[in-house]
Amino acid sequence: VLATQAMCFGFFIDEASLEFGDDRIWRYSFLCPRNNLDCRNNSDVTALGVVFFALFALIYLVVDMLNGLKLVWGVSKYGCSIRGFQIFIGGCFLFTITVLALYA
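A. Quick peek at the environment of Asp64. As for its placement among the helices and strands, Asp64 is situated in helix α2 (residues 47-73). Considered as a pair, Asp64 and Val99 are 35 residues apart in the sequence and their alpha carbons are 9.4 Å apart. Excluding residues within four positions of it along the chain, Asp64 makes contact with Leu94 and Thr98.

This is how it looks when you write it as structure tokens:
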């Protein structure tokens, strides 16, 4: 699951880069007629929608990020054992994939 998520984020980040080449298709939401100084926004996304999306995404992702940090921080009570190593790796992976989701 982790490898699949990382691969999907990698593809998304690569395709979402701000390069204006021939292979990139961009759709602008603003329409500016030649005979008018005012432009119209044709986007269906409202400010309220952006706020709710940001709140819900940040709430869930920040919780995952804090859980990953708690796993890494709490590994010391297991000492140098296989279980401690597994918890450390799991916490690092959870934190990394969450930060990647926030970046994407």
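The discussion continues.
B. Spatial organisation of the state of the cysteines. Throughout the structure, instances matching the rule amount to one disulfide. One disulfide in the model links Cys32 with Cys39; its S-S distance is 1.9 Å. Disulfide Cys32-Cys39: torsion about the S-S bond near 115°, hence right-handed. Judged by relative accessible area, Cys32 falls into the partly exposed class, the value being 43%.

C. Focus on the side chain of Thr98. Within the secondary structure, Thr98 sits in helix α3 (residues 82-103). Among all residues touching Thr98, those that are not within four sequence positions of it are Leu61, Asp64 and Met65.

D. Molecular detail of the packing of α2 against α3. Where α2 meets α3, the axes come as close as 7 Å, and the angle between the chain directions of the two elements is 155°. What the angle tells us is that α2 and α3 run roughly antiparallel. Crossing of α2 over α3 shows left-handed handedness. Along the contact surface, α2 presents Leu58, Leu61, Asp64, Met65, Asn67, Gly68, Leu69, Leu71 and Val72, while α3 presents Ile87, Phe88, Gly90, Gly91, Cys92, Leu94, Phe95, Thr98, Val99, Ala101 and Leu102.

E. Geometry of the packing of aromatic side chains. If you walk through the whole model with that rule in mind, you get one aromatic pair. Note on Phe52 and Phe56: the rings are 6.0 Å apart at their centroids and 20° apart in plane angle, and the pair reads as stacked. Of this pair, Phe52 and Phe56 both sit in helix α2, four residues apart, which is roughly one turn of that helix. Judged by relative accessible area, which is 42%, Phe52 ranks as partly exposed. Phe56 sits in the partly exposed class, given a relative accessible area of 47%.

F. The arrangement of α2 in detail. Over its 27 residues, α2 extends 38 Å from the first C-alpha to the last, a length consistent with the 39 Å expected when each residue adds 1.5 Å. Within the sequence span of α2, burial applies to Leu61, Met65 and Gly68. On the buried face of α2, the contacting elements are α3.

Cut-off values and rules
- Residues numbered from 1 in each chain as written.
- Predicted model: local features only at pLDDT ≥ 70, side-chain atom pairs only at ≥ 80, totals over all residues.
- Heavy atoms only, no water.
- Helix = DSSP H or I, 4+ residues; strand = E, 2+ residues; numbered from the N terminus.
- Contact = heavy atoms within 4.5 Å.
- Disulfide = S-S within 2.5 Å.
- Buried < 20%, exposed > 50% of the residue type's maximum accessible area, 1.4 Å probe, protein only.
- Axes fitted to C-alpha atoms, helices over the stretch in contact; angles between N-to-C directions.
- Parallel < 35°, antiparallel > 145°, perpendicular 65-115°, else oblique.
- Left-handed = near helix turned anticlockwise from the far one by under 90°.
- Phe/Tyr/Trp six-rings, centres within 6.5 Å; stacked < 30°, edge-to-face > 60°.
- Expected span 1.5 Å × (residues − 1).

Any functional reading would require information that these geometric values do not contain.
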